[in-house]
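Analysis of the macromolecular model
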Amino acid sequence: MTETPFANLTVRPATLQDRPAVERLWLMFHHDLSEFRGVLPGPDGTFRNERVEYALTRPDWAPYLFLCDGRPAGFAFVRALDRPVRVLNSFFVVRGARRRGIGTRAVRDVLRRHPGAWEIAFQDDNPAAVRFWTYVARDLAGNAWTRELRPVPDRPELPPDVWISFAVTG
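In this text the structure is predicted, and so the values were computed from the model without any measurement.

1. As for helix H2 (residues 50-57)
Along H2, the residues that are buried comprise Val-52, Ala-55 and Leu-56. Burial along H2 is one-sided: seen end-on, the buried residues are contained in an arc of 90°.

This is the structure we're talking about:
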């Protein structure tokens, strides 16, 4: 992955005041994922968004907003903060900020804020995600990471997700 700098990347906790921006980014995220999961939006044109609510209100979740030059460029939702293994539940960078090192810099920042064991899921039929998450695992853990296929809960018609596991130091 090339690390072409993007001016003034900020990764910060998302607040309730950020909810409108996070919800719009969530729509973009699910639009991208719909290519790999064959999911259509609901009748109102939106996708399920209970994870936005969880991320912004539950104590064992942590939402992050990525800003480039003060403008929303992506988000991450961390869950299971009260457990031994944290889960990067959702991670998204808008297309206009991709391939510039934004995702790599943002994920390093988010994961290092919560040192310890991590699990991250992605879809094997998404070649960009496979390349990105393999790079991240090697970047942060060297060869000390694992890859495992797991069924998608309550979705037997979908291929299994790929889960990578590794530890991050502060």
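2. Considering unusual backbone geometry
One non-glycine residue, Arg-99, lies in the positive phi region at around 65°. Tracing the chain through its elements places Arg-99 in the loop between strand E4 (85-93) and helix H3 (102-112).

3. Thoughts on the pattern of salt bridges
Considering all chains together, one arrives at nine salt bridges under this definition. Between Asp-109 and Arg-113 there is a salt bridge, with the nearest N and O atoms lying 2.4 Å from each other. On the accessibility criterion, Arg-113 (36% relative accessible area) is partly exposed. Several salt bridges share partner residues, and in doing so they unite Arg-19, Glu-23 and Glu-53 into one network.

4. Regarding the side chain of Asn-89
Looking at the secondary structure, you find Asn-89 in strand E4. Polar side-chain contacts of Asn-89 include one of 2.9 Å to the side chain of Ser-90.

5. Things to note about the environment of Thr-169
Among the secondary structure elements, Thr-169 is positioned in the segment after strand E7 (161-168). Given a relative accessible area of 66%, Thr-169 falls into the exposed group. Residues Thr-169 and His-114, 55 residues apart in the sequence, show an inter-C-alpha distance of 8.3 Å.

6. Description of the packing of aromatic side chains
Applying the stated criterion across every chain, the model contains twelve aromatic pairs. Look at Trp-26 and Phe-75: their rings are 6.0 Å apart centre to centre, the planes differ by 40°, and that puts the pair in the tilted class. Pair noted here: Trp-26 is in helix H1 (residues 19-37) and Phe-75 is in strand E3 (residues 71-79), with a separation of 49 residues, a long-range link. Of the two residues examined, Trp-26 and Phe-75, each falls in the buried class. Ring geometry for Phe-91 versus Trp-133: centroids 5.3 Å apart, planes at 75°, classification edge-to-face. Within this pair, whereas Phe-91 is found in strand E4, its partner Trp-133 is found in helix H4 (residues 127-141), the two being separated by 42 residues in sequence. Look at Phe-91 and you get buried, because its relative accessible area is 15%. On the accessibility criterion, Trp-133 (6% relative accessible area) is buried. An aromatic cluster is present here, built from Trp-26, Phe-29, Phe-75, Phe-77 and Phe-92 joined pairwise through their rings.

Conventions adopted
Residues numbered from 1 in each chain as written. Predicted model: local features only at pLDDT ≥ 70, side-chain atom pairs only at ≥ 80, totals over all residues. Heavy atoms only, no water. Buried < 20%, exposed > 50% of the residue type's maximum accessible area, 1.4 Å probe, protein only. Helix = DSSP H or I, 4+ residues; strand = E, 2+ residues; numbered from the N terminus. Arc of directions from axis to C-beta. Salt bridge = Lys/Arg side-chain N within 4 Å of Asp/Glu carboxyl O. Polar contact = N/O pair within 3.5 Å; in protein donor to acceptor, adjacent residues only side chain to side chain. Phe/Tyr/Trp six-rings, centres within 6.5 Å; stacked < 30°, edge-to-face > 60°.

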